[in-house]
Amino acid sequence: AYGLKARQRFDLFKSTQPLEHRPLIVFVHGGAWMHGDKKDYHFIGEAFAREGYDVVVMNYHLAPKHIFPKSVDDLHLLLNYLHQANDKFNISTENIVLMGHSAGAFNVMSALYYPGTISVECLSSIRAIIGLAGPYHFDYKDDPLCADAFDQSVPYQQVMPFYFVEPCPVKHYLLVAEKDDIVGHFNSHDLGQML
C-alpha cells in the first residue's frame, strides 16, 4: 500500500543486481482512466527485473468516481512513498524511469509537467520518461471513451500535459503503435515537436 484507499496499491518486482546498479521503473497502466489493473501487467515487472531494473507496477483511482487529477495525485503519492521507503524495500529512487501506456502515459507525463498540488520529493531523480501510445493533447469534451474521466467544464488546454511542457533534463521516449485506432499518432508527434 502507498495510501489508505483500496486502489492505492503497487506490486514490486526486484532485480538481483546490486542496489547501486538498479534503476527503478514505475509503470502506470492504461484503460482510458476508467479501468485496468496492475495484475494485468506483471509481465512488465518480470521482464524488466530480469534486465536489472527494480519495477513498481501501480494501481490508481479510476473514473468516473475519481476524475483528473486524482490519478496523477496517486502517482505523486506513490513516488513520495517509494522515496521514503527506500530502506524498507531495499530499492533506490536515485534513478527513476516513469513508464506508462495510453492513459498511463498521460499520467506519467502529467506527473512531470502538470502543476499539481502534491510536491514530489524525488522529482529531480527522474532520469527518463517513456510514453507508450499516450494521449497528450486531445479534446476530451464528450469523448465516447473517456469523457467521464475529466471535468467537462474545464477546457482541455488547462489539463493536457502538452500545454505545460517546459525545459528539463529528463530524457523522453515517445512510442506509438502503428495500427493504433484509439490514440492518434499526432499526440506523440506533436509532443515531440514541443519538447
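Structure: above.
A brief look at the structure comes next. Since we're looking at a predicted model, the values are computed, not measured. (Residues numbered from 1 in each chain as written. Predicted model: local features only at pLDDT ≥ 70, side-chain atom pairs only at ≥ 80, totals over all residues. Heavy atoms only, no water.)

A closer look at the overall build of the protein chain
Here is the rule we go by: Strands are runs of DSSP state E lasting at least 2 residues, helices are runs of H or I lasting at least 4, and numbering of each runs from the N terminus. Two things to know: the radius of gyration comes from C-alpha atoms, and the globule rule equals 2.2 Å times the number of residues to the power 0.38. Note on areas: these come from Shrake-Rupley sampling with a 1.4 Å probe, and a residue is covered only by the protein chains present in the view.
A tally of helices and strands in the protein chain yields 5 helices and 6 strands. Against the 2.2 N^0.38 benchmark of 16 Å for 195 residues, the protein chain shows a C-alpha radius of gyration of 16 Å, consistent with a compact globule. Projected onto its principal axes, the C-alpha coordinates of the protein chain cover approximately 50 × 35 × 30 Å. Counting only carbon and sulfur atoms, one obtains 53% of the accessible surface of the protein chain, whose full area is about 9,600 Å².

Some remarks on the layout of surface pockets
Selection criterion: A pocket here means an open set of points on a 1 Å grid, computed over the protein atoms alone, that has protein on both sides within 12 Å along at least five of seven lines. A cavity is instead a set of points where a 1.4 Å probe fits but cannot get out; residues with an atom within 4 Å of a point line either one. Grid points are joined across faces, edges and corners, and a volume is the space filled by probe spheres set on the points. All residues other than Ala, Val, Leu, Ile, Met, Phe, Trp, Tyr, Cys, Pro, Asp, Glu, Lys and Arg, Gly among them, are scored as polar; the first ten of these are nonpolar and the last four charged.
Considering only enclosed or pocket space, the largest pocket measures out at about 350 Å³ in volume. Class assignment of the residues belonging to the lining of the largest pocket gives a composition of 12 nonpolar, 7 polar and 2 charged.

With respect to the nonpolar core
Note the threshold: For the purposes of this section, nonpolar cores are sets of buried Ala, Val, Leu, Ile, Met, Phe, Trp, Tyr and Cys residues that join through side-chain atoms within 4.5 Å. Here the term buried applies to any residue with accessible area under 20% of the maximum for its type, exposed to any over 50%, and partly exposed to those in between, with areas from a 1.4 Å probe on protein chains only. The contact criterion used is simple: two residues touch if any of their non-hydrogen atoms lie within 4.5 Å.
Formed by 47 residues in total, the largest nonpolar core has its most connected members in Val26, Leu75, Leu78, Leu98 and Phe150. Elements that contribute at least two residues to this core include exactly strand E2 (24-28), strand E3 (54-58), helix H2 (70-84), strand E4 (96-101), helix H4 (103-113) and strand E5 (126-132). Apart from residues lying up to four places away in sequence, leucine 75 is in contact with Val26, Val28, Met58, Asn107, Val108 and Ala111. One finds Ile25, Phe27, Ala49 and Ile130 within the second-largest nonpolar core, a separate group that totals 12 residues.

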